[in-house]
Amino acid sequence: MKRIIFFLALLPYFAIAQNGDMTRDSISISLGADSVYYVNRWVSYEDGYELASKQPIGDSAQLVSYLTGKEVDAIRQHTYNAVQTMQKGRVIAEWQDVNAALKDVELPGLDTLMQALFEGQFLGDANVKIGTAAFIPADVVKNAAGNIRLLFRSGGYRVLLYADTMIRIVGYPVAGQNTDLYKVRERVFRNVENTFTLRLK
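Predicted model, so just to flag it, every value in this text is computed and none were measured. (Residues numbered from 1 in each chain as written. Predicted model: local features only at pLDDT ≥ 70, side-chain atom pairs only at ≥ 80, totals over all residues. Heavy atoms only, no water.)

The next thing to look at is helix H2 (residues 88-104). Its 17 residues give H2 an end-to-end C-alpha distance of 24 Å, which sits within 8% of 24 Å, the value for a rise of 1.5 Å per residue. Every buried residue of H2 is listed here: Ile92, Trp95 and Asn99. One face of H2 carries all of its buried residues, which in axial projection span an arc of 55°. Within H2, the exposed residues directed more than 90 degrees away from the buried face are Gly89, Asp97 and Asp104. Residue Glu106 follows H2 closely and has a positive phi angle near 60°. (Helix = DSSP H or I, 4+ residues; strand = E, 2+ residues; numbered from the N terminus. Expected span 1.5 Å × (residues − 1). Buried < 20%, exposed > 50% of the residue type's maximum accessible area, 1.4 Å probe, protein only. Arc of directions from axis to C-beta.)

Running from N to C, H2 and helix H3 (residues 110-118) point in directions that differ by 100°, and their axes come no closer than 8 Å. Comparing the axis directions of H2 and H3 gives the class roughly perpendicular. For the pair H2 and H3, contact is made by Trp95, Val98, Asn99, Leu102 and Lys103 and by Leu110, Asp111, Leu113 and Met114, respectively. Across the contact of H2 with H3, the residue classes tally to six nonpolar, one polar and two charged. (Axes fitted to C-alpha atoms, helices over the stretch in contact; angles between N-to-C directions. Parallel < 35°, antiparallel > 145°, perpendicular 65-115°, else oblique. Contact = heavy atoms within 4.5 Å. Nonpolar A, V, L, I, M, F, W, Y, C, P; charged D, E, K, R; others polar.)

See below:
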């Protein structure tokens, strides 16, 4: 049964981000009997959760100012995130340099340290979703050599833990290529292209 909660003010939507992927996000404008413009928003999530909100804004000038400012802020935030994403190569190169530098002085590398810190969060049953296909069963295991492996379908792939929020599936989709996954919510990781999702149980 769908759960519907009505709020009189817009709330930060990340507060309910645990309800799965957003399937609908629509905004409309209405003019009340009090000659006040309202912004109405309806958000639906894949688990059936729905959130309806109605926020009073003011007159037409206030409405235009509010919506314009809101969208400028949203695009600026998106731009910042995009620029940060462009720095991925530099961030990974630095991680690899630190990893090698530690090993050069005969200390555990970052690959060993990160795995020791975070492997417990990953090991166990999981599900994988490729593209728009349905989730399929998977397992995250630790093999005899001490490496973490992601097993699904008929393949097995090494998992490199950069931290607890970013992991690399080594050799996927083909040998010589890798797929980097990022934590999008608790126990769910996805690549930037939105073509690979790992859901830990």
